[in-house]
Amino acid sequence: MMILPDGTPLPGARHNKGPPDDLAIFPSRHFATRRIQQAVMAVIDLESRKKFLHEAVRLARESVENGWGGPFGAVVVRDGEIIGRGQNRVLLTGIPIYHAEITAIMDACQRLNPKALMGSGSQEGTLGLIPRPLGSADRAPERARMLQGCEIYISGAPCPMCMSAIYWARIDRVFFGTRLEDASGIGFDDAFQYEDFRLPWTERQAIRCFPDFERDHALTAIAAWAAKTDRHPY
């Protein structure tokens, strides 16, 4: 059982990422989640981590000062050491996905991988397989490690694209400074994307979507992966 700083027991708290077994004892799921977050943060040494957020902010300001992109920077940390740095460089490259989190993740992976992995069949570095976490609903018994065991520090709240990349990278924790509304106030409105994602495909407001277009033909690619006996789950 997890104990909050004020001595309150937190029944049902578990070590995996699932919800507590007895959320019903709380007035709402939101309240229960907040209590769990408070408990987790209570045992994390935030003071020693401030320097990582400060480095992310330094990278963000450097990007602005050099005209490379928006005010966003990020660092990936493992075992107390920075292994990846990234900055928004959209204006430098003209590539809309050149966000700080994406480049920090790419930098970290390149440092961890001993060689070029494309087509090599290698299972080293980030592609090393790890077993499914206890209690996970994941169908695969094992997956590539990626950046499990790492943390990412970002000058501002991640956009949906970058948050998805963080999920795919299996990063353990995300620390960010400014809020979505802070970025919205200077013209970087990511909040509407989170709102749009809640809608069914055919009701999206920002981009018109056409789901199931030529689905039968597209399923042949799914079948090819399913039939591949040496597939490497990630």
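Residues numbered from 1 in each chain as written. Predicted model: local features only at pLDDT ≥ 70, side-chain atom pairs only at ≥ 80, totals over all residues. Heavy atoms only, no water.

Participant: So what exactly am I meant to see when it comes to the pattern of salt bridges here?
Facilitator: As a working rule, side chains carrying opposite charge can pair if their charged atoms are close by. Summed over all chains, the structure comprises 11 salt bridges. Here Glu47 and Lys50 are joined by a salt bridge, their closest N and O atoms 3.1 Å apart. Notably, a salt bridge pairs Glu62 with Arg58, separated by 4.0 Å at the nearest N-O pair. Remark: Arg58 and Glu62 occur in helix H2 (residues 50-65); sequence separation between them is four residues, near one turn of the helix. Relative accessible area serves as the criterion here: at 25%, Glu62 is assigned to the partly exposed category. For Arg58, a relative accessible area of 40% puts it in the partly exposed group. Ionic contacts of the salt-bridge type, sharing partners, join the residues Glu55, Arg58, Glu62 and Arg85 into one network. (Salt bridge = Lys/Arg side-chain N within 4 Å of Asp/Glu carboxyl O. Helix = DSSP H or I, 4+ residues; strand = E, 2+ residues; numbered from the N terminus. Buried < 20%, exposed > 50% of the residue type's maximum accessible area, 1.4 Å probe, protein only.)

Participant: What exactly am I supposed to notice about empty space enclosed by the protein here?
Facilitator: The probe, sized like a water molecule, is rolled over the atoms to show the empty space still left. All chains considered together, the criterion is met by one cavity of 30 Å³ or more. In this structure, the largest cavity spans a volume of roughly 30 Å³. Forming the boundary of the largest cavity are Phe72, Gly156, Ala157, Thr178, Arg179, Leu180, Ala183 and Asp190. Here the residues of the lining of the largest cavity are counted per class, giving four nonpolar, two polar and two charged. (1 Å grid on protein atoms, 1.4 Å probe; cavity = no way out; pocket = protein on both sides within 12 Å on 5 of 7 lines; lining within 4 Å. Points joined across faces, edges and corners; volume = space filled by probe spheres on them. Nonpolar A, V, L, I, M, F, W, Y, C, P; charged D, E, K, R; others polar.)

Participant: In this structure, what is going on with the sheet that holds strand S7 (residues 150-156)? I would like to understand it.
Facilitator: Sheet strands pair by backbone hydrogen bonding; their relative direction is either parallel or antiparallel. Pairing is mixed across the open sheet formed by four strands, whose spatial order is S4-S3-S7-S8. Each edge of the open sheet carries a strand with a single partner, namely strand S4 (81-87) and strand S8 (173-178). Neighbour-to-neighbour, the strand axes of the sheet open up by a mean angle of 15°, direction not taken into account. As paired strands, S7 and S8 are joined by five bridges and run parallel to one another. Following the sheet pairing, Ile154 is matched in S8 by Phe176. Sheet strands in contact with H2 are strand S3 (73-78), S4, S7 and S8, and its direction is about 150° off that of S3. Each of S3, S4 and S7 is contacted by helix H4 (residues 100-112), which is oriented at about 140° to S4, the strand it contacts most. (Pairing = 2+ DSSP bridges. Axes fitted to C-alpha atoms, helices over the stretch in contact; angles between N-to-C directions. Contact = heavy atoms within 4.5 Å.)

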